[in-house]
Amino acid sequence: CYHSRLNNVFSHTNTACKPVRYRLPLIILLSILTVWITGCSQGPWNNPWPNTGAQENYLYSSFTERPKHLDPVRSYAANEYIFTAQIYEPPLQYHFLKRPYELIPLTTDGMPEINYYDAAGQPLPNTAPAERIAISEYVLRIQPGIKYQPHPAFALNDEGQFHYYLLSAEMLDGVDTLEDFEHTGTRELTAEDYIYQIKRMGNSRLQSPIAGVLADYIIGFKEFQQVLSRAYDSHSDSESVWLDLREYPIQGVEFVDRYTFIIRIKGKYPQFLYWMALPFFAPMAWEAERFYSQPGMGERNVTLDWYPVGTGPFMLSHNDPNLRMVLSRNPNFHGERYPSEGEPEDENAGLLNDANKPLPFIDKAIYGLERETIPYWSKFLQGYYDVSGIASDSFDQAIQFNSQGEVGLTEKMQDKGIGLATSINTSIFYMGFNMLNDIVCGTTETARKLRHAISIAVDYEEYISIFANGRGVAAQGPIAPGIWGIHEGEAGINPYVYDWVDGEPKRKSIEIARELMVDAGYPDGIDQRTGQPLVLYFDTTGSGPDAKASLNWMRKQYKKLGIELVIRNTDYNRFQDKVRNGAAQIYQWGWNADYPDPENFLFLLYGPNGKVKFGGENASNYSNSHFDRLFAEMKSMENGPERQRKIDQMVEILRHDAPWLWGFHPKSFALYHDWYKNVKPNLMANNTLKYNRIDPQQRAILRKQWNQPVLWPVGLLVIVILLSLIPAVVGYVRRERSTVV
């Protein structure tokens, strides 16, 4: 009778009160079972990668924003290069360990052969002066046997026909991702694929950001662009038509044989070799472009911007930019060896322990989306990310300075075996003056002295200390440290802003800046012509509390001179429009080097690159005939004393004219766990994932140690709840027994 009534309690749904008596004990029981089952699992409970093996040869990293372009014809952002540089292979690459940066072959069987010709087409020796060279010829030979990653674009049926060409709407039903195509294939890389990609950069519909530069150098490139534009216009459905670019020749690009092609450029331009190490010059199979161009693909986001096709060590196997992106080992990778030589200190640092071993070392790289720095930092400390930058919020937790000002890791980081890699970036953040503006800009002596006064007053050393946690070096000119042509020490300081004191640069006093203001006609910031305070306008895109603080700081710097700085804050698109149209008076911007040559910085102030008149990268619209003449001579010269002399003259002109507040060069701090090997910052190379090695066993052990669950509060809670239930259970049993009786 008792058991019958007990069963009835659980089955009788019309009685609300009786099931309640058992609900709490049941929940407690289930909770205990859950804790017990979870405790039997192999990994930590808080693992954000529960579906990946704890000891798999995977690397874990992150990204903060969705990459917009993964098509190498358009990709030109650091957050895109994270992926494209591992997938695509241009002809050349940078040596991973050597400094200064050295170009070496990637897919070629050696460095390009360079030949020079005069205007009559006659060969010239390599020692010929630049003014005699009308044509530079680059002969590139590709290694045989390199194959593309598995991809549906190459899939063939039994008759040797492509599986997925001429797809109908019905055939695309159920296709949402690239993985929905059952068949894949591959083929060998050829010289024609590199030529095809160069032609793609001439397709104005693809909007390659370097098309304008190539038009200035590659012979016949501009004419090719026009021919291609007319070819598209001749089709009634020009928006969706696919043109087979193999049928459209470029005068300056010649196919020689299956593995050899030639590029011919105008004049002499040694820096052209650096362009061959950028993903822009990576090969593109015509089959891939043809495959993605079919109707219906774009609507499904099955495009080259979403699913790259390359020959590199990795391929994009999962693309969910709102959650996770995954690079997996390319099973068709042609193979490459870890370098066997580097700098003298590399051997002691263990950077040659893997010499001559086959690459890549890891099987998969998993990138999680992390928009907030705090969760990302916590996961790094828990061992769920292998490497990390340092946000301002966590800087003091990670970094400490000794009495000599030397940077080091805190004791907590050292106890975890975390390492620190630092490097001064080959980049610059600067404040520019629009030289088309009549007040603060222009070429008058009054405007120049005003700019020098502001240059002294804006204390970038203080800015670096407050807003960058000391991670930066005040700039002395436009060229970043580590680039050939820059001077170190006293010879490298800007004498208009700094003095050399006790072996280091010291910013001139604010009194000198105020004297310059008097000479400029603005004593205490008052315009002597009008009797009104001098008001200047600063256009920026800053938002959020950090930006507000830095903008307030900037106002105070100008206030030292009595200048009222008005902040005009807009979104980035509007800001770009203002700079493009010359509507900004003062602006702040930055530049990352594309290649390790001073020309890549000095061209930012070259007159014919003016933003307003020519649409170039000279956002200050600065023009100086002497500087422009020296630039035209310098850019075609080989590194040497004569080139250095011209660079020095150019830098002196820029310091004298002061079209920029030179700002600062940021310094990168990267933290990495002990199991993350082969760490050496390379500010030119983007394809360094293949060199990284992981010790997954060590990582799994330390993850488990660092993420032990704290169970005693749960156990204590269960005991308290059980004890509190004893009176209720005893009372219930008594009532049940009395009812039975």
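Residue indices begin from 1 for each chain and proceed along its sequence in written order. Selection of residues for local features in this predicted model requires a pLDDT of at least 70, selection of side-chain atom pairs for listing and counting requires 80 or more, and totals for whole chains, interfaces and linings are taken over all residues. Remark: hydrogens and water are excluded; side-chain values derive from all non-hydrogen atoms of the structure.

## Thoughts on the sheet that holds strand S1 (residues 58-63)
Strand pairing in a sheet is mediated by backbone hydrogen bonds. Such pairs are either parallel or antiparallel.
Here's step 1: We call two strands paired when DSSP finds no fewer than two bridges between them. A run of H or I in DSSP becomes a helix once it reaches four residues, and a run of E becomes a strand once it reaches two; helices and strands are each numbered from the N terminus. On the basis of which strands lie adjacent, the open sheet formed by four strands has the order S1-S13-S10-S9 and mixed pairing. Each end of this open sheet is capped by a strand with a single partner; those strands are S1 and strand S9 (314-320). Going across the sheet, the axis of each strand differs from the next one's by a mean of 20°, ignoring polarity.
Here's step 2: One ladder, built from six bridges, connects S1 with strand S13 (residues 364-369); its direction is parallel. By the bridge assignment for S13, Ser62 is matched with Gly368.
Here's step 3: Those strands touched by helix H3 (residues 78-87) are S1, S9, strand S10 (324-329) and S13, and its axis lies near 20° from that of S10. Axes, fitted as lines to C-alpha atoms, cover a helix only where it is in contact. Angles between the N-to-C directions of the axes lie from 0 to 180 degrees. Two residues form a contact once any of their heavy atoms are found within 4.5 Å.

## A look at the confidence of the model for the protein
Here's step 1: For the protein, per-residue confidence averages 90 on the pLDDT scale, and 93% of positions sit at 70 or higher.
Here's step 2: Across residues 1-22, where pLDDT falls below 50, the model places 16 contacts with residues more than four positions away in sequence or in other chains. pLDDT gives the predictor's per-residue confidence on a scale running from 0 to 100.

## Focus on the packing of aromatic side chains
To describe a pair of aromatic rings, one takes the distance between the centres and the angle between the planes.
Here's step 1: Centre distance within 6.5 Å is the pairing criterion for rings of Phe, Tyr and Trp, where only the six-membered ring of Trp is used; planes under 30 degrees apart are then read as stacked, over 60 as edge-to-face, and the remainder as tilted. Per the stated rule, a full pass over the model turns up 46 aromatic pairs.
Here's step 2: Considering the side-chain rings of Tyr94 and Tyr274, the 6.5 Å spacing of their centres and the 15° angle between planes classify their relative orientation as stacked. Here Tyr94, found in strand S2 (residues 92-94), pairs with Tyr274, found in helix H7 (residues 272-275); they are 180 residues apart in sequence, far enough to count as distant.
Here's step 3: Remark: exposure states derive from per-residue accessible area (1.4 Å probe, protein chains only) relative to the maximum for the residue type, with buried under 20%, exposed over 50%, and partly exposed in between. You can call Tyr94 buried: its relative accessible area is 4%.
Here's step 4: The class for Tyr274 is buried, based on a relative accessible area of 16%.
Here's step 5: Ring centres of Tyr194 and Phe261 lie 5.7 Å apart, and the angle between their planes is 10°; on these two criteria the pair is classed as stacked. Pair noted here: Tyr194 is in helix H4 (residues 191-201) and Phe261 is in strand S8 (residues 260-266), with a separation of 67 residues, a long-range link.
Here's step 6: On the basis of relative accessible area, Phe261 is assigned to the buried category, the value being 1%.
Here's step 7: Grouping aromatic residues by their ring pairs yields a cluster made of Tyr430, Tyr572, Phe575, Tyr587, Trp589, Trp660 and Trp662.
Here's step 8: For the cation-ring pair, Arg246 lies above Trp286, with the distance from its terminal atom to the ring centre recorded as 3.9 Å. The rule for a charge over a ring is simple: NZ of Lys or CZ of Arg within 6 Å of the ring centre, and within 35 degrees of the ring normal.

## Brief notes about the pattern of salt bridges
Here's step 1: Whenever Lys or Arg places a side-chain nitrogen within 4 Å of a carboxyl oxygen from Asp or Glu, that contact is recorded as a salt bridge. Under the counting rule described, the total for this entry stands at 35 salt bridges.
Here's step 2: For Arg246, the salt bridge goes to Asp244, with nearest N and O atoms at 2.6 Å.
Here's step 3: What makes Arg246 partly exposed here is its relative accessible area of 36%.
Here's step 4: For Asp244, a relative accessible area of 13% puts it in the buried group.

## Notes on the pairing of strand S20 (residues 498-501)
Here's step 1: Two strands pair when backbone bridges link them, and S20 and strand S21 (residues 504-507) are joined in this way by four bridges, in the antiparallel orientation. In the strand pairing of S21, Asp499 is matched with Lys506.

## Section: the packing of helix H12 (residues 445-457) against helix H14 (residues 510-520)
Here's step 1: One way to put it is that H12 packs onto H14 with a least axis distance of 8 Å and a crossing angle of 160°. Compared by their axis directions, H12 and H14 come out roughly antiparallel. Between H12 and H14 lies a crossing of left-handed hand. On H14, the residues touching Thr446, Lys449, Leu450, His452, Ala453, Ile456 and Ala457 of H12 are Ile510, Ile512, Ala513, Leu516, Met517, Asp519 and Ala520. Angles are sorted into four bins: roughly parallel if under 35 degrees, roughly antiparallel if over 145, roughly perpendicular if 65 to 115, and oblique for all others. By convention, the crossing between two helices is left-handed when the near helix turns anticlockwise from the far helix through less than a right angle, and right-handed when the turn is clockwise.

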